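The residues making up each chain are set out below.
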Amino acid sequence: QVQLVESGGGLVQAGGSLRLSCATSGGTFSRYFMGWFRQAPGKEREFVAGIKWSGESTYYIDPVKGRFTISRDNAKNTVYLQMNSLKAEDTAVYYCAASKKVYYDIRTFAYDYWGQGTQVTVSS
């Protein structure tokens, strides 16, 4: 059974940084397209960033471009999200997700496995 466990969330002041990690087990991590999503109170879950299995291609939504960086270490079965210059509007529960598809997809239903989420709160 595939499991995804996020860590690294917390409370940070605006302008600060956090690094989220997502450790996976039970599956073939190196074959999955990995994504980070977030869900703010009262809003739908949205795609934030994604990375191809090889790590050679990454994707971001416009609001986080230049501030967030997604990366992966296939030897450790872990994907990361480095978040810099955080803003109050980045406050949300962040989820990592794995898709058996090999191509980029922002739709939640395209992902087969999900973590439990980690809270990120940015104070202004």
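These lines cover the structure that appears in this document, whether it is placed above or below. Residue indices begin from 1 for each chain and proceed along its sequence in written order. Per-residue local features are limited, in this predicted model, to residues with pLDDT of at least 70; the limit for side-chain atom pairs, both in listing and counting, is 80 or more; totals at the level of whole chains, interfaces and linings are taken over all residues. In computing side-chain properties, one takes all heavy atoms of the structure into account and sets aside hydrogens as well as water.

1. Considerations on the sheet that holds strand 3 (residues 18-25)
Neighbouring strands of a sheet are bound in pairs by backbone hydrogen bonds; such pairs are parallel or else antiparallel. Definition in use: By this definition, two strands are paired if DSSP reports at least two bridges between them. In this text, helices come from DSSP runs of H or I with a minimum length of four residues, and strands from runs of E with a minimum of two, each type numbered from the N-terminal end. Angles here are taken between N-to-C directions and fall from 0 to 180 degrees, while the axes themselves are lines fitted to C-alpha atoms, restricted in helices to the stretch in contact.
What the four strands build is an open sheet, ordered 1-3-8-7; its pairing is antiparallel. Each end of this open sheet is capped by a strand with a single partner; those strands are strand 1 (3-7) and strand 7 (68-73). The average undirected angle you get between the axes of adjacent strands in this sheet is 15 degrees. Note that strand 1 and strand 3 share five bridges and pair antiparallel. Bridging from a neighbouring strand, Val-5 pairs with Ala-23 of strand 3.

2. Observations regarding the state of the cysteines
What counts here: Any two cysteine sulfur atoms within 2.5 Å of one another count as a disulfide. Partly exposed describes any residue whose relative accessible area lies between the buried limit of under 20% and the exposed limit of over 50%, with all areas from a 1.4 Å probe on protein chains only and scaled to the type maximum.
What the rule picks out here adds up to one disulfide. Through a disulfide, Cys-22 is tied to Cys-96; the S-S separation comes to 1.9 Å. In this structure the cystine formed by Cys-22 and Cys-96 twists about its S-S bond by roughly 45 degrees; its chirality is therefore right-handed. One end of the pair, Cys-22, is in strand 3; the other, Cys-96, is in strand 9 (residues 92-99), and 74 residues separate them in sequence. Taken as a pair, Cys-22 and Cys-96 share a single burial class, namely buried.

3. A short note on unusual backbone geometry
For Asn-77, which is not a glycine, the phi torsion comes out positive at approximately 55 degrees. Within the element layout of this structure, Asn-77 appears in the loop between strand 7 and strand 8 (78-83). A residue is classified by how much of its surface remains accessible, and Asn-77, at 28% relative accessible area, is partly exposed. Not every positive phi belongs to a glycine, and Ser-85 is a case in point at roughly 50 degrees. Examined against the element boundaries, Ser-85 turns out to sit in the loop between strand 8 and strand 9. Among the residues examined, Ser-85 registers a relative accessible area of 40% and is labelled partly exposed.

4. Thoughts on the pattern of salt bridges
Basically, it comes down to this: The salt bridge definition used is simple: a Lys or Arg side-chain nitrogen within 4 Å of an Asp or Glu carboxyl oxygen.
Here the structure, examined in full by the defined rule, presents six salt bridges. Asp-105 is paired through a salt bridge with Arg-107; the nearest N and O atoms lie 2.8 Å apart. With a relative accessible area of 40%, Arg-107 lands in the partly exposed category. Several salt bridges converge on common partners, so that one network encompasses Arg-38, Glu-46, Arg-67 and Asp-90.

5. So, the environment of Asn-74
Where we set the bar: Note on contacts: a residue pair qualifies if any of its non-hydrogen atoms lie within 4.5 Å across the two residues. Counting of polar contacts relies on pairs of N or O atoms within 3.5 Å, with two restrictions inside protein: one atom must be capable of donating a hydrogen and the other of accepting it, and residues adjacent in sequence are counted only when both atoms are side-chain atoms.
Relative to the helices and strands, Asn-74 resides in the loop between strand 7 and strand 8. On the accessibility criterion, Asn-74 (28% relative accessible area) is partly exposed. Placed 39 residues apart in sequence, Asn-74 and Gly-35 show a C-alpha to C-alpha distance of 14 Å. For Asn-74, the contacting residues outside a window of four places in its chain are Phe-29, Ser-30 and Trp-53. A polar contact of 3.1 Å, which involves the side chain of Asn-74, links it to the backbone oxygen of Trp-53. Looking at Asn-74, its side chain comes within polar contact range of the side chain of Arg-72, at 2.8 Å.

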